[in-house]
Amino acid sequence: MAIYYRGILFLAVTAFLGEGIEVLVNMILARQLGSHGLGLYMSILPTIFLIVLISSFELPVSISKFIAEREERYHRNILYHAITITIIFTSLLLVIGTMLLPFIPVFNSYHPYVRWLVIILIPVISFTSVARGYFMGRQLMGKIAISNFLRKVVQLIVLFGVFRLFEFNAESSLLIAIGTLIGSEIVVFLYLVFMFIIQFQQIKKQPFSNINRKMVRKNLMAVSIPTTAMRLFSAFTGAIQPFLIKAALVHSGISAVQATEQFGMLMGVAISIGFFPGFIAHSLLIVLIPAVSKTSSDGDYFSLQKMLQQAMVLTLGYGIIAVTLFYFFAPELTSLFFKSNTSAIYLQLLWPFFLFHYFVMPLQAFMIGLDMIKEAFIHIIWSTVISFGLILWLGAMPEWRMDGVIIGMNTGSVLLALMHYLTVCKKIGVTFFMKGALTKKGA
């Protein structure tokens, strides 16, 4: 448990600094790209994240879970098989990506080089995922924290330096913004792979035992495939969400340019600010997956109940403080990006979305650790269908427009968090209000 708490603290502190840098990055982008350019940048990000997700094949989750559940003498063999799987998967994905990416219409509004920058991400993310999964499974969260912080620092320094020293047109500025994002991932790749090689050399000197290749592949695929499907669905819906929202707004009677600008203020300003405290939720997610996996494999339901209680209390504590500040200081916060009352109103209206989003991440870690990925996937499907339905219905109404879009987003977040929470409570033997927790050891 001491390792668990140290991991959360270290990740949270570095993530806080990283999120502070992220705000500065978004401020630079907002001022350099303008509302329309920022809208285009935010519109392409979900597609890039979708490709990142496919490339990772959720190996950080599956490897970290498998490593946490197995004795150290098996780690060398697990990593050998994981690297082999990664090489084969990456090779296939590179061929498929090179063939298909030029024909994906999403990139038509951007500089031609953007397509090929995204291709570079495939091997970078794939091999980074192996190192990330191993460090997560071993609870070596310092390396994960440093890599996350490094990504943000590199992005800030490059953007600030380039835009300070040179002048660019709108298309080139957008290309530089996207290229800097991908370049920061390459820096993370170099760091994590270097640290992984050092660690792997130490593992090779220790006694080891072999695990059947089929068993390793089966265990990794048992987590990677359903988790990738779940993340893929979320990423795919995230990729089409910008176009869905803008289509609903255009249908309500405003122009395409206005819709893009409003979406830019929603995602580039309000969502950026609201997701700032999410660094704590993300830290919990990273630490909880191997911790819950290990504890569940030991059958220690007492510790699982305690971890859930502590995660929920922590999330409620910082979540209430965060959304209260967002609501009462929205104009001051959003003015750091644009002098616009519209984005401040968006930030205020989205408080349920943010608060319950903070709960979703640690709860999802519990569901992965408890081998309930299928249930988590079903929850995401239901919440997304209802959320998108409301966005299309209410957002297309002239009297609702962006207010209707926000209602749909809020509803989806609340519904997903509640479904996750009730399912986890039932699995580990506690009620909605945590009654029955901490009463017995074992189950």
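To be clear, the structure that these remarks concern was listed above.
Being a predicted model, the structure only gives us computed values, none of them experimental.

Colleague: Give me the overall build of the protein: which residues, what numbers.
Modeller: Assigned secondary structure in the protein consists of 15 helices and 0 strands. Computed over its C-alpha atoms, the radius of gyration of the protein comes to 22 Å, within 12% of the 22 Å expected for a compact globule of 443 residues. Across the 443 residues that make up the protein, the buried fraction comes to 56%. Positive and negative side-chain charges of the protein, numbering 31 and 17 respectively, have mean locations separated by a distance of 11 Å.

Colleague: Hey, could you go over the pattern of salt bridges for me, with residue numbers and the actual values?
Modeller: This structure, assessed with the given rule, holds 4 salt bridges. In this structure, Arg151 engages Glu185 in a salt bridge whose closest nitrogen and oxygen atoms are separated by 2.8 Å. Here Arg151, found in helix H5 (residues 141-165), pairs with Glu185, found in helix H6 (residues 170-204); they are 34 residues apart in sequence, far enough to count as distant. Neither Arg151 nor Glu185 differs from the other in exposure class; each is buried.

Colleague: Please give an account of unusual backbone geometry that cites residues and values.
Modeller: With phi around 55°, Glu58 is a residue other than glycine that occupies positive phi space. Relative to the elements of secondary structure, Glu58 occurs in the loop between helix H1 (2-56) and helix H2 (59-69). Phi is positive for Asp371, close to 60°, though the residue is something other than glycine. Relative to the elements of secondary structure, Asp371 occurs in the loop between helix H13 (351-369) and helix H14 (373-395). When its relative accessible area of 53% is taken as the criterion, Asp371 is described as exposed.

Colleague: I'd like a rundown of the packing of helix H10 (residues 301-328) against H13, residues and numbers included.
Modeller: Two numbers describe a pair of packed helices, the interaxial angle and the distance between the axes. The contact between H10 and H13 brings their axes to 9 Å, and the two run at 160°. Viewed along their axes, H10 and H13 adopt a mutual orientation that is roughly antiparallel. Relative to H13, the crossing made by H10 is right-handed. In the contact of H10 with H13, the residues fall into 20 nonpolar, 2 polar and no charged.

Colleague: Please give an account of the side chain of Ser173 that cites residues and values.
Modeller: Within the secondary structure, Ser173 sits in helix H6. Ser173 sits in the buried class, given a relative accessible area of 1%.

Colleague: Any details on the packing of aromatic side chains? Residues and values, ideally.
Modeller: Within the structure shown, the criterion is met by 19 aromatic pairs. Ring centres of Phe57 and Phe89 lie 4.8 Å apart, and the angle between their planes is 25°; on these two criteria the pair is classed as stacked. Of this pair, Phe57 sits in the loop between H1 and H2 while Phe89 sits in helix H3 (residues 75-100), and the two are 32 residues apart along the sequence. On the accessibility criterion, Phe57 (14% relative accessible area) is buried. Overall, the relative accessible area of 22% leaves Phe89 in the partly exposed class.

Colleague: Explain helix H9 (residues 278-297) residue by residue, including any values.
Modeller: Spanning 20 residues, H9 covers 28 Å between terminal C-alpha atoms, matching the ideal 28 Å at 1.5 Å per step. The sharpest bend along H9 comes to roughly 35°, located at Leu288, with the proline Pro290 sitting one to four residues further on. Here H9 lies mainly inside the structure; 16 of its 20 residues are buried. Gly299 occupies a position one or two residues after H9 and carries a positive phi of about 75°.

Colleague: Just give me the short version of the nonpolar core, but keep the residues and values in it.
Modeller: Tyr41, Ile178, Leu266, Leu308, Leu350, Phe354 and Phe366 are the most contacted members of the largest nonpolar core, which totals 142 residues. For this core, the leading source of residues is H1, giving 19 residues.

Colleague: Please give an account of the environment of Ser297 that cites residues and values.
Modeller: By the element assignment, Ser297 lies in helix H9. Since its relative accessible area comes to 44%, Ser297 is described here as partly exposed. Separated by 213 residues in sequence, Ser297 and Thr84 have C-alpha atoms that sit 26 Å apart. Reaching out from Ser297, the side chain makes a polar contact with the backbone oxygen of Lys294 at a distance of 2.7 Å.

Conventions used here
Residues numbered from 1 in each chain as written. Predicted model: local features only at pLDDT ≥ 70, side-chain atom pairs only at ≥ 80, totals over all residues. Heavy atoms only, no water. Helix = DSSP H or I, 4+ residues; strand = E, 2+ residues; numbered from the N terminus. Rg over C-alpha atoms; globule rule 2.2 N^0.38 Å. Buried < 20%, exposed > 50% of the residue type's maximum accessible area, 1.4 Å probe, protein only. Lys, Arg positive; Asp, Glu negative; His and termini not counted. Charge placed at Lys NZ, Arg CZ, Asp CG, Glu CD. Salt bridge = Lys/Arg side-chain N within 4 Å of Asp/Glu carboxyl O. Axes fitted to C-alpha atoms, helices over the stretch in contact; angles between N-to-C directions. Parallel < 35°, antiparallel > 145°, perpendicular 65-115°, else oblique. Left-handed = near helix turned anticlockwise from the far one by under 90°. Nonpolar A, V, L, I, M, F, W, Y, C, P; charged D, E, K, R; others polar. Phe/Tyr/Trp six-rings, centres within 6.5 Å; stacked < 30°, edge-to-face > 60°. Expected span 1.5 Å × (residues − 1). Bend = angle between axes of the 7 residues up to and from the residue. Core = buried A, V, L, I, M, F, W, Y, C linked by side-chain atoms within 4.5 Å. Polar contact = N/O pair within 3.5 Å; in protein donor to acceptor, adjacent residues only side chain to side chain.

Fair warning: the whole summary comes from geometry, so function is off the table for now.
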